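Structural features, examined
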Amino acid sequence: MKPGIHPSYGHVVFRDKAGGFAFLTRSTMTSDKTVEWEDGRTYPVVDVEISSQSHPFYTGTARVLDTAGRVERFERRYGAK
């Protein structure tokens, strides 16, 4: 890789605002806000709106839409005559 053209890659805490869940990972994202992590070190923190702890698909609260009824209604309105 060419030196000097890539962003710095370091530890960052991502915190889910909806669920209060946080995890430490590495990323090129940065933030002015910091948080003290479980290991006693201070890391930049990035607040996210949704994560796997609050997303309906991963929590099992996702709704399934009735697409069969929609398709039939579409075919009745705009189907071949």
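Residues numbered from 1 in each chain as written. Predicted model: local features only at pLDDT ≥ 70, side-chain atom pairs only at ≥ 80, totals over all residues. Heavy atoms only, no water.

Focus: the overall build of the protein
For the protein, the count of helices and strands is two helices and four strands. Counting from the amino terminus, helix and strand elements in the protein follow one another as β-β-β-β-α-α. Across the 81 residues that make up the protein, the buried fraction comes to 12%. Counted over contacts in the protein with a minimum sequence separation of 6, partners at least 24 positions apart contribute 34%. Carbon and sulfur atoms form 52% of the exposed surface of the protein, whose accessible area is close to 7,000 Å². (Helix = DSSP H or I, 4+ residues; strand = E, 2+ residues; numbered from the N terminus. Buried < 20%, exposed > 50% of the residue type's maximum accessible area, 1.4 Å probe, protein only. Contact = heavy atoms within 4.5 Å. Areas by Shrake-Rupley, 256 points an atom, 1.4 Å probe, with all protein chains shown as cover.)

Focus: the confidence of the model for the protein
On average, residues of the protein score 84 in pLDDT, and 83% of them reach the 70 mark or higher. The secondary-structure element of the protein with the lowest mean pLDDT is helix 1 (residues 56–59), recorded at 64, while strand 3 (residues 34–36) shows the highest, at 95. (pLDDT = per-residue confidence, 0-100.)

Quick notes on the sheet that holds strand 2 (residues 22–27)
Spatially, four strands are ordered 2-1-4-3 in an open sheet, and the strand pairing comes out mixed. With one partner strand each, in any of the chains shown, strand 2 and strand 3 form the two edges of the open sheet. In this sheet, neighbouring strand axes are inclined to one another by 45° on average, regardless of whether the strands run parallel or antiparallel. By the bridge criterion, four bridges tie strand 1 (residues 10–16) to strand 4 (residues 42–48) in an arrangement that is parallel. Bridge pairing links Arg15 to Asp47 in strand 4. (Pairing = 2+ DSSP bridges. Axes fitted to C-alpha atoms, helices over the stretch in contact; angles between N-to-C directions.)

A word on the environment of Val46
In this structure, Val46 sits in strand 4. Here the alpha-carbon distance between Val46 and Asp32, two residues 14 residues apart in the chain, equals 8.9 Å. In this structure, Val46 is in contact with Val12, Val13, Phe14, Arg15, Met29, Thr30 and Ser31, ignoring residues within four places of it in sequence.

Some points on the side chain of Ser27
Within the element layout of this structure, Ser27 appears in strand 2. Here the side chain of Ser27 touches Met29 through a polar contact of 3.0 Å, landing on its backbone nitrogen. (Polar contact = N/O pair within 3.5 Å; in protein donor to acceptor, adjacent residues only side chain to side chain.)

Things to note about a positive patch on the surface
A cluster of like positive charges, contributed by Arg70, Arg73, Arg76 and Arg77, occupies part of the molecular surface. The topology assignment puts Arg77 in helix 2 (residues 67–78). (Patch = residues over 30% accessible without salt bridge, like charges linked within 9 Å, V, L, I, M, F, W, Y side chains within 5 Å. Salt bridge = Lys/Arg side-chain N within 4 Å of Asp/Glu carboxyl O. Lys, Arg positive; Asp, Glu negative; His and termini not counted. Charge placed at Lys NZ, Arg CZ, Asp CG, Glu CD.)

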